[in-house]
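The primary structure of each chain is shown beneath.
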Amino acid sequence: MLDLAARLKREPYSLRPLEGPQSAAVFFDKTSTRTRFSFAAGIAALGGNAVIVNPGEAQLGAKESISDTAKVLSRMMSLIVWRTFAHAGLEEMAANSTVPDINSLSDDFHPCQILADLQTIREQKGELPGLTATYVGDAANNMGHSYLLGFATAGMHIRVAGPETHMPRADIIADAKKIAATTGGSVTLFTDPVAAVQGADAVITDTWVSMGQEAEKAERVAIFGDYRVTPQLMAEAKPDAIFLHCLPAYREFEVAPEVIDGPQSVVWDEAENRLHAQKALMAWLLKESK
């Protein structure tokens, strides 16, 4: 997948699996910048047409069941992309559709972001197996879960640091450890961000206040205050360590401006790579589904 993403970054229009144009349904239950633009641009670059559906513009999950929607769309669309809340909805969509379905974000996982992050780290560091990456902050959110599974799959040593009250789900930790045992990677959990970052090749964080948590902002800032990525924390990592953030970022909260805007930051490459990684994902799924 990452080889294909690198090819499509070099040769943006070299694959046209949606030529026609064929159409892809792109549902947004949550607001978005990178997901919306990267999928719309990516579908167009692959020769297709993105049918973007905002909340309230379709019957999905309201007047019409997810399963019925999936069966209808499978007869009209070549792909279904959904950015939503409950992960169970994506599973129901996939179980009832005959075209590829992509999780563009759920409350539990954000796999498209992981592909972009892996592509970015690979560009900066070369091969991924054996590298150490540390994610600090809200370890119980969809990014914490996804880093465990995705980076373990890549054969990396993934460390996740967060308060004891906000650690990943036990079943996801167990799954990630099983994966790491087959890839040569490892999974380690920390409550001490300094210990977690020491010697890391990449340091990663995410917003402390995700969509739907705005009312908890003051409480969450107090909980995660010790996990802010500062120049001092970055200094604990390797001298050539890179910094990643899936964005949007809130400077002075989860990350200091000197870090995200500094020379170790690769967040703009990371954001761009959402386009290339997702194009690779769509092209691969379309080929495999034939």
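Trainee: In this structure, what is going on with the packing of helix α1 (residues 2–10) against helix α12 (residues 267–288)? I would like to understand it.
Mentor: The axes of two packed helices give the description: the angle between them and the distance between them. At a minimum axis distance of 8 Å, the contact between α1 and α12 shows a crossing angle of 115°. Viewed along their axes, α1 and α12 form a crossing whose handedness is right-handed. Along the contact surface, α1 presents Leu 4, Ala 5, Leu 8 and Lys 9, while α12 presents Glu 272, Asn 273, His 276, Ala 277, Lys 279, Ala 280, Ala 283 and Trp 284. Tallied by class, the residues present in the contact of α1 with α12 amount to seven nonpolar, two polar and three charged.

Trainee: Please clarify how the packing of aromatic side chains should be interpreted in this entry.
Mentor: Each aromatic ring pair is described using two quantities: the centre-to-centre distance and the angle formed by the ring planes. Summed over the entire model, instances satisfying the criterion amount to three aromatic pairs. With a centroid separation of 5.1 Å and 85° between ring planes, the pair formed by Tyr 147 and Phe 151 is classed as edge-to-face. Taken together, the residues Tyr 147 and Phe 151, both in helix α6 (residues 142–153) and four residues apart, mark about one turn of the helix. Its relative accessible area of 1% is what places Tyr 147 among the buried residues. You can call Phe 151 buried: its relative accessible area is 0%. Taken together, the aromatic side chains of Tyr 135, Tyr 147 and Phe 151 make up a single cluster linked through ring pairs. A cation over an aromatic ring shows up here: Lys 279 above the ring of Tyr 13, its NZ or CZ 5.8 Å from the ring centre.

Trainee: Whenever I open this one, the sheet that holds strand β2 (residues 49–53) confuses me. Can you help?
Mentor: The strands making up a sheet are joined through hydrogen bonds of the backbone, oriented either antiparallel or parallel. If you walk across this open sheet you meet the four strands as β2-β1-β3-β4, and the pairing is parallel. Lying at the two open borders of the sheet, with one neighbouring strand each, are β2 and β4 (101–105). Between one strand axis and the next, the sheet turns by 20° as a mean value, whatever way the strands run. Pairing geometry for strand β1 (residues 23–28) and strand β3 (residues 79–83), over five bridges, is parallel. In the strand pairing of β3, Phe 28 is matched with Arg 83.

What counts, and where the lines are drawn
- Residues numbered from 1 in each chain as written.
- Predicted model: local features only at pLDDT ≥ 70, side-chain atom pairs only at ≥ 80, totals over all residues.
- Heavy atoms only, no water.
- Axes fitted to C-alpha atoms, helices over the stretch in contact; angles between N-to-C directions.
- Helix = DSSP H or I, 4+ residues; strand = E, 2+ residues; numbered from the N terminus.
- Left-handed = near helix turned anticlockwise from the far one by under 90°.
- Contact = heavy atoms within 4.5 Å.
- Nonpolar A, V, L, I, M, F, W, Y, C, P; charged D, E, K, R; others polar.
- Phe/Tyr/Trp six-rings, centres within 6.5 Å; stacked < 30°, edge-to-face > 60°.
- Buried < 20%, exposed > 50% of the residue type's maximum accessible area, 1.4 Å probe, protein only.
- Lys NZ or Arg CZ within 6 Å of the ring centre and 35° of its normal.
- Pairing = 2+ DSSP bridges.

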